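# Chain and residue survey
Residue-level listing of the chains:
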Amino acid sequence: QMQYVIFRPYWNPPRSITVNELLPRARQDGSYLARENMEIVATGDDDAAALPAIPENLDKVAAGRLFLRQKPGPRNSLGLAKFIFPNADNVYMHGTPAEALFARVRRDFSHGCIRLEDAARMAEWVLRDQPDWTRARIDGAMQASRPQRVNLKEPLTVILFYDTVHVNSEHVVHFAADIYGHDRALD
């Protein structure tokens, strides 16, 4: 059930991405975290103070005692909005700064979350029963200096549907690559 939207979110990378991708880059290149607008923090709270990106703190990140996060803004990996529907896999929908990826045929670049081509339009739709959340206010929240959480009046059901074959409105059958290997289980 989608419960809320966060405009101008922080990105708190999952531990697997932190350990396998971000920490090796940060250790190899001392300017990596600053260049990627990332910081080391003691908690996932929005108000957590940034700590210096020194080797001792990187070791604490590796040990799980400190965390990495990406600051809000136009280069944030989540774009300017994320849509939360709590689930065991920690999957959510979000914007993206990499809009050019939508022009590609194969678009499985994410680690599991769902990139939205037009996060502002999605926000308009999910907040449609809250008239004070106009497009202008949504755009303003996306450009604000701090993250802002907006609870939905009523939760929205989210169904994630994966298919490798479908029929379009002209009754033409389309096949897609089984990029996640789920068809084997069906076979």
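So, here is what we can say about the structure in this document. (Residues numbered from 1 in each chain as written. Predicted model: local features only at pLDDT ≥ 70, side-chain atom pairs only at ≥ 80, totals over all residues. Heavy atoms only, no water.)

### So, the pattern of salt bridges
Tallying each qualifying case throughout the model produces 8 salt bridges. The closest approach of N and O atoms between aspartate 139 and arginine 135, which form a salt bridge, is 3.0 Å. Taken together, the positions of aspartate 139 and arginine 135, both in helix 5 (residues 135-142) and 4 residues apart, correspond to about one turn of that helix. When its relative accessible area of 33% is taken as the criterion, arginine 135 is described as partly exposed. A cluster of three or more residues bridged by salt bridges with shared partners is formed by Arg121, Glu124, Arg135 and Asp139. (Salt bridge = Lys/Arg side-chain N within 4 Å of Asp/Glu carboxyl O. Helix = DSSP H or I, 4+ residues; strand = E, 2+ residues; numbered from the N terminus. Buried < 20%, exposed > 50% of the residue type's maximum accessible area, 1.4 Å probe, protein only.)

### Remarks on the environment of valine 165
If you trace the backbone, valine 165 turns up in strand 8 (residues 165-167). Distance in space between the C-alpha atoms of valine 165 and alanine 176 is 6.0 Å, their sequence separation being 11 residues. When sequence neighbours within four positions are dropped, the list of residues in contact with valine 165 reads Val173, His174 and Phe175. (Contact = heavy atoms within 4.5 Å.)

### Overview of the side chain of threonine 164
Within the secondary structure layout, threonine 164 lies in the loop between strand 7 (148-156) and strand 8. There is a polar contact of 2.7 Å between the side chain of threonine 164 and the side chain of aspartate 183. Each residue touching threonine 164, except ones within four places of it in the same chain, is listed here: His174, Phe175, Ala176, Ala177, Asp178 and Asp183. (Polar contact = N/O pair within 3.5 Å; in protein donor to acceptor, adjacent residues only side chain to side chain.)

### Focus: the packing of helix 1 (residues 15-28) against helix 3 (residues 55-62)
Between two packed helices, what matters for the description is the angle formed by their axes and the separation of those axes. Running from amino to carboxyl end, helix 1 crosses helix 3 at an angle of 160°, the nearest separation of the two axes being 10 Å. Classed by the angle they form, the pair helix 1 and helix 3 counts as roughly antiparallel. Crossing angle aside, the handedness with which helix 1 passes helix 3 is left-handed. In this structure, helix 1 uses Arg15, Thr18, Leu23, Ala26 and Arg27 to contact helix 3, whose residues at the interface are Leu58, Asp59, Val61 and Ala62. A breakdown of the residues in the contact of helix 1 with helix 3 according to their chemical character gives 5 nonpolar, 1 polar and 3 charged. (Axes fitted to C-alpha atoms, helices over the stretch in contact; angles between N-to-C directions. Parallel < 35°, antiparallel > 145°, perpendicular 65-115°, else oblique. Left-handed = near helix turned anticlockwise from the far one by under 90°. Nonpolar A, V, L, I, M, F, W, Y, C, P; charged D, E, K, R; others polar.)

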